[in-house]
Amino acid sequence: MDRVKTSALSGAEIVVRCLQEEAVEYVFGYPGGAVLFIYDELFKQDKVKHVLVRHEQGAVHAADGYSRSSQKVGVALVTSGPGVTNAVTGIATAYMDSIPMVVITGQVPTHAIGLDAFQECDTVGITRPIVKHNMLVKDVKDLASAMKKAFHIASTGRPGPVVVDIPKDVTAAVTEFHYPETVAMRSYNPVRKGHAGQIRKAVQLLAEAERPMIYSGGGVTLSDSSELLRELVKSTGFPVTNTLMGLGTYPATDRQFLGMPGMHGTYECNNAMQHCDVLLAIGARFDDRVIGNPAHFASNPRKIIHIDIDPSSISKRVKVDVPIVGNIPDVLEELIKLLKGVHPEISAWWKQIEAWRAKDCLKYDRSSKIIKPQFVLEKLYEVTKGKAFVTSDVGQHQMWAAQFYKFDEPRRWINSGGLGTMGFGLPAAMGVQMANPGATVACVTGESSIQMCLQELSTCKQYRLPIKIVNLNNKYMGMVRQWQQFFHGNRYSESYMDALPDFVKLAEGYGHRGLLIDKPADVEPALREAFANKKELYFLDFITDQTENVYPMIPGGKGNTEMILSEDL
Amino acid sequence: MRHIISILVENEAGALSRIAGLFSARGYNIESLTVAPTEDASMSRMTIVTSGSDDVVEQITKQLNKLIDVVKVVDLSEAEHIERELMLIKVRAGQKEREDMKRMTDIFRGRIIDVTDNTYTIELTGDGRKLDAFIQALDQGTIIETVRTGTSGIGRGNRILRV
């Protein structure tokens, strides 16, 4: 082994060896001139499997879905220039949701950098604001340590994507290979333990709370703290919400769960967020889609405790009383220990919450002769027994999926929450299926979103991925149409999707199955047929009500309790 | 409020653009920015003068700390500190202005570092207000060219920024 470790390898061999050292199972990528040496080395081995996508955006989303559903670092490999620019949307998506990922990009040879060479772009410059870190490796001697650093930085602290840009001549140059076992960086040492004094303050506030509320987000998913969250919620008896990024970390079917907060959150949850006297935020960032107008949110006096590994998330939009910077599992363990036996009497608070819950804010017309999108999602939940991995694109279908599919486990709900990337769902589902062979994977999408990365249907065929595409087809960019209806005087400017393809034929053209469903009675049988088939991809084209809107809705700039409910209209 | 932020940063390619890019991407002000290597050549020290509310400056320091290349950040203006800026100013100095210009330079404790037939180049150090005051004190028509380094700062006594 020592002999191998000290033998001289080419840069391309080093890249592949590093991936092997990191136990990378899949690399999602697309070859091109600048990465040919790396592809040549991938060809010569079989430990690291390569998945050939049809567009680089798909590669990064697939690596992203792979990571979200498995907690491993996702890896993508693209060529220089257009390979990189195509990957940018995927990298930004991962960055906004703090997904650990390493993106290896080819670069023109070092002697050609800066000379406007063929397929040259300033990769480090272009990706700088959308990565946790990036680096251009100009010397093959630095390559192994750069790769090690990339995996280390991507997966520790607040995770995120790291881009390693490698010029072609560096992949050809030869050096001794030694993969460092550890990384020591004086400028990067993420914290773990929370401040003991702050944790004690938090315990005191929680113990004296009359109207407590636990608000937890994507940080709980990313740090795999779901079990600890459940323990905390159960031992205290407090109400809890999961943000869009945290769904599944607390079981949605449990009575203490109040649904999702925010713009399309539940009536009971948004009211509880607004009227609680102590708010415990865990790995959530009070973003604009969650708390609405920060001035309105702050108008109600309450004490806020905020646990986050990233200090810059604390007191960014909302002033926090007890900040606790630390690794969520470490802090939660402390908190649970100190809260043992603390079970404040909050029955009056629960009574109030139940009164809000009785509003039944997610109700919709169940007698409709046209398929209601909510109905499809309820049936999807039933047919998959709530056990599926569900990816989504962005828009109305995403919100309905978040509202109606009751996730009981973390890492089952895979969506682009921060960047809101249409086109994410299908390639992400590929990564999810790769990470979880044999699992049921559904991609909930709409006729507009699905067309943004449609080419990946071909990848799905090549790798025989039996994904079930649940297309809620209302012939509109539904969420755009909804905003135009509410805020732009029913002027549906460019939101109608004309000239749609025949999705059934399209799916068949790619070698998949397709079904068109236009009657409510056919929804369940179609789902049953599709999900019973473990071998083939199904494209289920549900023709849904064009006029349906997502409720409740907090209009942009309004406060959390200023919701529009379906009954108001 | 004006703040002087001192940053120790790894002397890596692109470190400056990461920091400058952070300020523009998040809409923070940069009044001035100076950077040069320290006695340890693997590190550079940067001084950024910015302005913003306490909340904004808190975010600026947190966001800077998040950058992987940034080793340490301190807001110098939080406590006792010294700041200096260097200005080179070229002024018209023909026979009839020379005497006045020399006297003014002496009052401000500047130094004339270059002389030609009809110009002086004056070197002046001080905080920004002193340099502004010197410019104000001159007959505006005599100023040909000015160049300023931007503020550099250091904490007093035991306030030390190093690894």
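Cut-offs used in this document
Residues numbered from 1 in each chain as written. Chains lettered and ligands numbered in written order. Predicted model: local features only at pLDDT ≥ 70, side-chain atom pairs only at ≥ 80, totals over all residues. Helix = DSSP H or I, 4+ residues; strand = E, 2+ residues; numbered from the N terminus. Buried ≥ 20, exposed ≤ 12 C-beta atoms within 10 Å, placed from the backbone. Rg over C-alpha atoms; globule rule 2.2 N^0.38 Å. Contact = placed C-beta atoms within 7 Å. Pairing = 2+ DSSP bridges. Axes fitted to C-alpha atoms, helices over the stretch in contact; angles between N-to-C directions. Nonpolar A, V, L, I, M, F, W, Y, C, P; charged D, E, K, R; others polar. Parallel < 35°, antiparallel > 145°, perpendicular 65-115°, else oblique. Left-handed = near helix turned anticlockwise from the far one by under 90°. Right-handed = clockwise from strand over helix to strand, strands pointing away. pLDDT = per-residue confidence, 0-100.

Asker: Quick rundown of the overall build of chain B? Include the residues and the values.
Answerer: Summing up its helical and strand segments, chain B has four helices and nine strands in all. When its helices and strands are written in sequence order, chain B yields β-α-β-β-α-β-β-α-β-β-α-β-β. Counting only residues that meet the buried cut, chain B has 28% of its 163 residues in that class.

Asker: Please set out the overall build of chain A residue by residue, giving values where relevant.
Answerer: Counting its regular elements, chain A contains 23 helices and 19 strands. By the compact-globule yardstick of 25 Å for 569 residues, chain A fits well, its C-alpha radius of gyration being 24 Å. C-alpha atoms of chain A, sized along the principal axes, occupy 70 × 60 × 40 Å. In chain A, once contacts between residues fewer than 6 apart in sequence are set aside, the share between residues at least 24 apart is 78%.

Asker: Quick one: what's the story with the sheet that holds strand β4 (residues 70-75) of chain B, residue by residue and with numbers?
Answerer: All names here are of chain B. Pairing is antiparallel across the open sheet formed by four strands, whose spatial order is β2-β3-β1-β4. Of all strands in the sheet, those bounded by a partner on one side alone are β2 (32-37) and β4. Across the sheet, the mean angle separating the axes of adjacent strands is 15° when strand polarity is ignored. Running over the sheet, helix α2 (residues 54-66) touches β1 (2-10), β3 (43-51) and β4 and is turned about 165° from β4.

Asker: Before we move on, could you go through the interface of chain B and chain A and cite the residues and values that matter?
Answerer: The partner chain A presents 13 residues to the 16 residues of chain B that form the contact. At the level of elements, α1 (15-25), α2 and β4 of chain B are the ones that each hand at least two residues to the side of chain B that touches chain A. Ranked by the residues each element gives to the side of chain B that touches chain A, the list is headed by α2(B), at five residues. In terms of residue class, the side of chain B that touches chain A is built from five nonpolar, five polar and six charged.

Asker: Describe the packing of helix α11 (residues 226-236) of chain A against helix α15 (residues 328-338) of chain A, naming the residues involved and giving the relevant values.
Answerer: Residues and elements named next belong to chain A. Where α11 meets α15, the closest approach of the two axes is 10 Å, and the angle between their N-to-C directions is 25°. As summarised for this structure, α11 and α15 are arranged roughly parallel, according to the angle between their axes. Classified by chirality, the crossing of α15 by α11 is left-handed. For the pair α11 and α15, the contacting residues are Leu-228, Leu-229, Glu-231, Leu-232 and Ser-235 in the first and Pro-329, Leu-332, Glu-333, Leu-335 and Ile-336 in the second.

Asker: An account of the sheet that holds strand β2 (residues 26-29) of chain A is requested, with residue identities and associated values reported.
Answerer: Residue and element names in this part refer to chain A. The six strands are arranged β3-β2-β4-β5-β7-β6 in an open sheet whose pairing can be described as parallel. Of all strands in the sheet, those with a lone pairing partner are β3 (49-52) and β6 (133-136), marking the two edges. Here the average twist between neighbouring strands, direction ignored, is 20°. Examined bridge by bridge, strand β5 (residues 101-107) and strand β7 (residues 161-167) share seven bridges and lie parallel to one another. By the bridge assignment, Ile-104 is partnered in β7 with Val-164.

Asker: Just give me the short version of the pairing of strand β17 (residues 468-473) of chain A, but keep the residues and values in it.
Answerer: Residue and element names in this part refer to chain A. β17 sits mainly inside the fold: six of its six residues count as buried. Judged by which residues are buried, β17 turns out to be covered on both faces: Lys-468, Val-470 and Leu-472 on one side and Ile-469, Asn-471 and Asn-473 on the other are all buried. Taken together, the five bridges between strand β16 (residues 441-446) and β17 define a ladder with parallel strand orientation. Each residue of the ladder has a partner; that of Ala-442, found in β17, is Lys-468. Read from β16 through helix α20 (residues 457-462) to β17, the crossover connection turns out right-handed. The pairing of β17 with strand β19 (residues 538-543) spans six bridges and is classified as parallel. Paired with Lys-468 across the bridge in β19 is Tyr-538.

Asker: How would you summarise the confidence of the model for chain B if you had to cite specific residues and measurements?
Answerer: Averaged over all residues, the pLDDT of chain B is 96; the fraction at 70 or higher stands at 100%. Interface confidence in the predicted complex, given as ipTM, is 0.93; pTM for the same model is 0.96.

Asker: Now, about unusual backbone geometry: what can you tell me, with residues and values included?
Answerer: Residues and elements named next belong to chain A. Tyr-551 connects to Pro-552 through a cis peptide bond whose omega is -10°. Mapped onto the secondary structure, Pro-552 falls in the segment after β19. The residue Asp-116 is not glycine, and still its phi comes out positive at about 55°. Within the secondary structure, Asp-116 sits in the loop between β5 and α6 (123-127). A residue is classified by how many C-beta atoms lie within 10 Å of it, and Asp-116, with 9 of them, is exposed.

Asker: Please provide a residue-by-residue account of the pairing of β3(B), values included.
Answerer: Residue and element names in this part refer to chain B. Within β3, eight of the nine residues are buried, which leaves the element mostly enclosed by the surrounding structure. The pairing of β1 with β3 spans nine bridges and is classified as antiparallel. Opposite Ile-5, over in β3, you have Ile-48 as the bridge partner. Here six bridges tie β2 to β3, and the two strands are oriented antiparallel to one another. Within β3, the residue paired with Pro-37 across the bridge is Ser-44. Counting the residues in the hairpin turn of β2 and β3 gives five residues.

Asker: Describe helix α2 (residues 11-21) of chain A, with residues and values.
Answerer: Burial analysis of α2(A) places nine of its 11 residues in the buried class, the great majority of the element. Where α2(A) is concerned, the buried positions are Gly11(A), Ala12(A), Glu13(A), Ile14(A), Val15(A), Val16(A), Arg17(A), Cys18(A) and Leu19(A).

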